[in-house]
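# Residue-level structure breakdown
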Amino acid sequence: MNRLEFNEVMKAVEIDNPLSTTTGRYGSSEQVHFWQNVAINFGGSYYTVVHGKIPLEVANIIYEKYPNNPYEIRVDGGCSDWDPKKWTRDGKHLETYHIDTKEGLTIFLTEMKDYFARKNNLPETEVQRYDELMSTINSEILKKVNPTISAYEWMKADEENGKKFFDTVSKGNQTSFGKMFRQAIDEFDKTVNPYADSDVELDDIGNYIKKVKINAASYDSMDEMRRKNCCEVHIEDIDSKNKVSYYRSPDGFSYQLMCTLGESQYFTVLHYFSTRGERENDKGEEIYINYFGDNVPQEIDLRYNITHNVAGATYKEKTPITPEQKEFVYDELLKATELASSITLSNMKKQENVKKLTLEEKSDN
């Protein structure tokens, strides 16, 4: 969870009572919301802190309802599998939760609301609103992040680095294979970030967040570089845990695929533009192909710097790319796009409702 996600959860559940501030994990100033004998604040890192009198009844409901703690609601900031009954001092309350996900924070707050409704003989309405709330929360986060901006649009507005990027694109398009290669890159990018593909109609967010987990954040600085409207968006297939990520950074962008191919077999593909390499041949637009794990037939660590037309392993000197290496990268991009599609488009694209004709209807036609 990040600060944007924390704030949108608190707005959606209508708990907005910041009466003081506290210091976050890395020295940030964080607002503290006071509600129903608990203090709630973003921890300044990746979690929310809840401190006060947390009813053990609520903690037990969450513990039993969500085996293996998939939403990372951690008792006393400890391990995910801690049983709340073993961490109460008075037999009635817990003192602290650390909650790592926006889904977990929403679950906790809606369970708390229904708990107090029960105590006051009022209808319990909040837990049943979970899907509605998550749709609202994710929609508001995406509005603020605006993932519809493409790499081309982002780099066009970058006076310092845009020319190098567009010169790279133009140079590559001078050959037939270069045009095919650029098309493969563009398809990979649009599949990793389907929000930027105007040709794809996405399903209602309330439908696809049941299949994928969305996390997103926006920021204006990174590694002492500043630029407004930077962001990151992560889309994870809930069943497979495979993930894609999209970044807009002050000096470029990154489109990433990270997936598991088999037991201890992992595949990562990145397309990015960056100025932060140690060597000149590490700067510019690159494709990264990485196979790793205990059971991969062959470990591969290959970075192709398109700007300088060189390739090699991550921490080694790059040499002019060979035709065979370029064809290999092209084929891997096509494979990566198909895998990325299984995470994004297969889960998020609006499906056409095709009516199946009955035998009678077919005979009438």
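Summary of the structure given here. Please read these numbers as outputs of a predicted model, since none were measured by experiment. (Residues numbered from 1 in each chain as written. Predicted model: local features only at pLDDT ≥ 70, side-chain atom pairs only at ≥ 80, totals over all residues. Heavy atoms only, no water.)

## Considerations on the packing of helix α1 (residues 3-12) against helix α4 (residues 130-145)
Packed helices, taken two at a time, are described by their axes: the angle between them and the distance between them. Defined as follows: Inter-axis angles, ranging from 0 to 180 degrees, are taken between N-to-C directions of lines fitted to C-alpha atoms, where helices are fitted over the stretch in contact. Strands are runs of DSSP state E lasting at least 2 residues, helices are runs of H or I lasting at least 4, and numbering of each runs from the N terminus. Every angle not falling under 35 degrees, over 145, or within 65 to 115 is termed oblique; those three ranges are roughly parallel, roughly antiparallel and roughly perpendicular. What makes a crossing left-handed is the near helix being turned counterclockwise from the far one by less than a right angle; a clockwise turn instead makes it right-handed. Whether two residues touch is decided by their heavy atoms; if any such pair falls within 4.5 Å, the residues are in contact. Amino acids are sorted into nonpolar (Ala, Val, Leu, Ile, Met, Phe, Trp, Tyr, Cys and Pro), charged (Asp, Glu, Lys and Arg) and polar (every other residue, Gly among them).
Running from N to C, α1 and α4 cross one another at 135°; their axes reach a closest spacing of 9 Å. Between α1 and α4, the angle falls in the class oblique. For α1 against α4, the interelement crossing comes out right-handed. Along the contact surface, α1 presents Leu4, Glu5, Glu8, Val9, Lys11 and Ala12, while α4 presents Leu133, Ile137, Glu140, Ile141, Lys144 and Val145. Considered class by class, the residues forming the contact of α1 with α4 number seven nonpolar, no polar and five charged.

## Comments concerning the pattern of salt bridges
Convention followed: Here a salt bridge means any side-chain nitrogen of Lys or Arg lying within 4 Å of a carboxyl oxygen belonging to Asp or Glu.
In the structure shown here, the tally under the stated rule is 26 salt bridges. Here Glu103 ties to Lys102 by a salt bridge, and the two come within 3.1 Å at their closest N and O atoms. It is possible to trace a salt-bridge network through shared partners that takes in Glu8, Lys11, Glu140, Lys143 and Lys144.

## Details of the side chain of Asp100
Which entries qualify depends on this criterion: Exposure is judged per residue with a 1.4 Å probe applied to protein chains only, and the accessible area is read against the type maximum: over 50% gives exposed, under 20% gives buried, and values in between give partly exposed.
If you trace the backbone, Asp100 turns up in the loop between β6 (93-99) and α3 (102-119). Judged by relative accessible area, which is 8%, Asp100 ranks as buried. For Asp100, the residues in contact, after removing those within four places along its chain, are Met1, Tyr46, Tyr47, Glu72 and Arg74.

## Topic: the pairing of strand β9 (residues 243-249)
Across a regular strand the side chains alternate sides, sitting on one face of the sheet and then on the other. Keep this limit in mind: Strands are labelled as partners when DSSP assigns at least two bridges between them.
Counting buried residues along β9, five of its seven residues qualify, which places the element largely inside the surrounding structure. In this sheet, β9 lies alongside strand β8 (residues 225-237) in antiparallel orientation, the contact comprising six bridges. Note on β9: the bridge partner recorded for Glu236 is Lys243. Two successive antiparallel strands, β9 and strand β10 (residues 252-262), enclose a turn made up of two residues.

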